[in-house]
Amino acid sequence: MNIFFYFLIFILFSFTAQPQTKLEKLTSKISNLWGIAILDKNEILVTQRSGNLYRLNVFNKNIFKIEGTPKVYNSGQGGLLDIAFEKDNNVNRVYLCFSKFITNNKSSTAIHSYNLKNDKLTNEKVIFVSNKISSSGRHFGCRLGIKNKYIFATLGDRGARDDSQNYKNHSGAIIKILKNGNSHNNKAFKNSLPEIFSVGHRNPQGLSFDLTKNILWAHEHGPQGGDELNIILKGKNYGWPKVTFGKEYGSGRKIGIGTTLPGYEDPKYVWVPSIAPSGMIFYRGSMFPEFKNKIILGSLKFKRLHILSLSDNKVTNEQNSLENKIGRIRDIEEISDGSLIIINDEYDGGVYRLFK
């Protein structure tokens, strides 16, 4: 009887015990990290705003500097920002989004492609350069997403808000371009620049495909309040600065002419007060079943993760995790085992792995 009793207890414990969540820092101090790309099941690439690029093995923690990165306009929020990676016919292809020197004190947002071999970038090719040349160090956007033969990229308004409603200006838009750099006309708006896919954005710093539904999601920073989560559709105007939930910094005065108006896309979710959202993914792994098919994004302001549950493309629940455990979360990615790679963009930042 006693043996049976202990066996029953063992079985019950086996079914109810849950593995503990662990958070591990993978690197020593690296300042101002910005973007992550998954290289393979063991390694990632991570950008540093000052212009460096690193290859990191997330399991043995070996880290190597990649040579051949472009010279960047490392000022304010500018620098070497996002990165995307893919293997194309056995060639390791890297795409970098960064603020590019135009003159001594002015920059433009650019996307270049490279081949990656033996920790060196070669065969540099200019894919895109924004026509907005500015001395501003604000609102670069610069998140990348790859789908088939296209690159989608977010472009901030560079602090000149009215440019977001100017179809002849790349600022404040999300663009869709060919990965090979050839010209492509989206024909999203009458008489608009050919690369423009959507307009009316302030500073979009999260971009992710829900591949199960073929939907592109993005979020963007509002001013004082009014951070938005949107589904991005071709030829749609997302309002900034005419339609926004945000207020002027300090004074709290109204911006624009309303929060919802015909002809402008309403956000799927709004944060008031602002959380300063950062990198975003759809979680598909099995290590964290509680995150399955949910949006996970970082908050720079509150230094935590936000986990969003969806139903019919609407946010039905929001939970927070890791508050003040990492610092300012700039980007997040899921690796093949289902664990999460998270970067902190502060001066004493680094790369972290969340796993069970």
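Residues numbered from 1 in each chain as written. Predicted model: local features only at pLDDT ≥ 70, side-chain atom pairs only at ≥ 80, totals over all residues. Heavy atoms only, no water.

**Some points on the sheet that holds strand β20 (residues 304–311)**
Moving on, step 1. One open sheet accounts for 4 strands, arranged β18-β19-β20-β21; its pairing is antiparallel. Strands with a single pairing partner mark the edges of an open sheet, and in this sheet they are β18 (277–282) and β21 (314–321). The average undirected angle you get between the axes of adjacent strands in this sheet is 25 degrees.
Moving on, step 2. By the bridge criterion, 5 bridges tie strand β19 (residues 295–299) to β20 in an arrangement that is antiparallel. (Pairing = 2+ DSSP bridges. Helix = DSSP H or I, 4+ residues; strand = E, 2+ residues; numbered from the N terminus. Axes fitted to C-alpha atoms, helices over the stretch in contact; angles between N-to-C directions.)

**Examining the layout of surface pockets**
Moving on, step 1. Reported here for the largest pocket is a volume of approximately 730 Å³.
Moving on, step 2. Taken together, 26 residues form the lining of the largest pocket, with Gly-145, Ile-146, Ser-208, Phe-209 and Glu-333 sitting closest to its centre.
Moving on, step 3. Within the residue set of the lining of the largest pocket, elements represented by two or more residues are β2 (33–38), β6 (80–88), β10 (141–147), β14 (204–210), β18 and β22 (329–334).
Moving on, step 4. Within the lining of the largest pocket, the residues separate by chemical class into 16 nonpolar, 4 polar and 6 charged.
Moving on, step 5. Together, 26 residues line the second largest pocket, and Gln-77, Asn-203, His-221, Tyr-249 and Ala-276 are the ones closest to its centre.
Moving on, step 6. Residues that form the lining of the second largest pocket fall into these classes: 8 nonpolar, 10 polar and 8 charged. (1 Å grid on protein atoms, 1.4 Å probe; cavity = no way out; pocket = protein on both sides within 12 Å on 5 of 7 lines; lining within 4 Å. Points joined across faces, edges and corners; volume = space filled by probe spheres on them. Nonpolar A, V, L, I, M, F, W, Y, C, P; charged D, E, K, R; others polar.)

**Looking at empty space enclosed by the protein**
Moving on, step 1. A complete count under the given rule lists 3 cavities of 30 Å³ or more for this structure.
Moving on, step 2. In this structure, the largest cavity encloses a volume near 50 Å³.
Moving on, step 3. As for the largest cavity, its lining consists of Arg-202, Glu-220, His-221, Gly-222, Gly-226, Glu-228, Tyr-238, Trp-240, Val-243 and Thr-244.
Moving on, step 4. Split by residue class, the lining of the largest cavity holds 3 nonpolar, 4 polar and 3 charged.

**Considering the nonpolar core**
Moving on, step 1. Ranked by size, the top nonpolar core spans 17 residues in total, and within it Ile-296, Leu-305, Leu-340 and Ile-342 carry the most contacts.
Moving on, step 2. Looking at this core, the elements with two or more residues in it are β20, β22, β23 (340–344) and β24 (351–355).
Moving on, step 3. If one sorts the elements of this core by residue count, β24 sits on top with 3 residues.
Moving on, step 4. Excluding its chain neighbours within four sequence positions, the residues that come into contact with Leu-305 are Ile-296, Leu-297, Gly-298, Gln-319, Asn-320, Ser-321, Leu-322, Ile-329, Ile-332 and Ile-342. (Core = buried A, V, L, I, M, F, W, Y, C linked by side-chain atoms within 4.5 Å. Buried < 20%, exposed > 50% of the residue type's maximum accessible area, 1.4 Å probe, protein only. Contact = heavy atoms within 4.5 Å.)

**What about a nonpolar patch on the surface?**
Moving on, step 1. On the surface, Ile-102, Val-126, Val-129 and Ile-133 cluster together to form a nonpolar patch covering roughly 290 Å² of accessible area.
Moving on, step 2. Examined against the element boundaries, Val-129 turns out to sit in strand β9 (residues 120–129).
Moving on, step 3. With a relative accessible area of 32%, Val-129 lands in the partly exposed category. (Patch = residues over 30% accessible without salt bridge, like charges linked within 9 Å, V, L, I, M, F, W, Y side chains within 5 Å. Areas by Shrake-Rupley, 256 points an atom, 1.4 Å probe, with all protein chains shown as cover. Salt bridge = Lys/Arg side-chain N within 4 Å of Asp/Glu carboxyl O.)

**A closer look at the packing of aromatic side chains**
Moving on, step 1. Counting across every chain of the model gives 9 aromatic pairs.
Moving on, step 2. Measuring from centroid to centroid gives 5.2 Å for Phe-288 and Phe-291, while their planes differ by 20 degrees, and the two rings are stacked.
Moving on, step 3. Overall, the relative accessible area of 10% leaves Phe-291 in the buried class.
Moving on, step 4. Through pairs of rings, three or more aromatic residues link up here, namely Phe-152, Phe-197 and Phe-209.
Moving on, step 5. Positioned above the aromatic ring of Tyr-150, the side-chain terminus of Lys-176 is 4.2 Å from the ring centre.
Moving on, step 6. The ring of Trp-240 carries Arg-202 above its face, with NZ or CZ at 5.4 Å from the centroid. (Phe/Tyr/Trp six-rings, centres within 6.5 Å; stacked < 30°, edge-to-face > 60°. Lys NZ or Arg CZ within 6 Å of the ring centre and 35° of its normal.)

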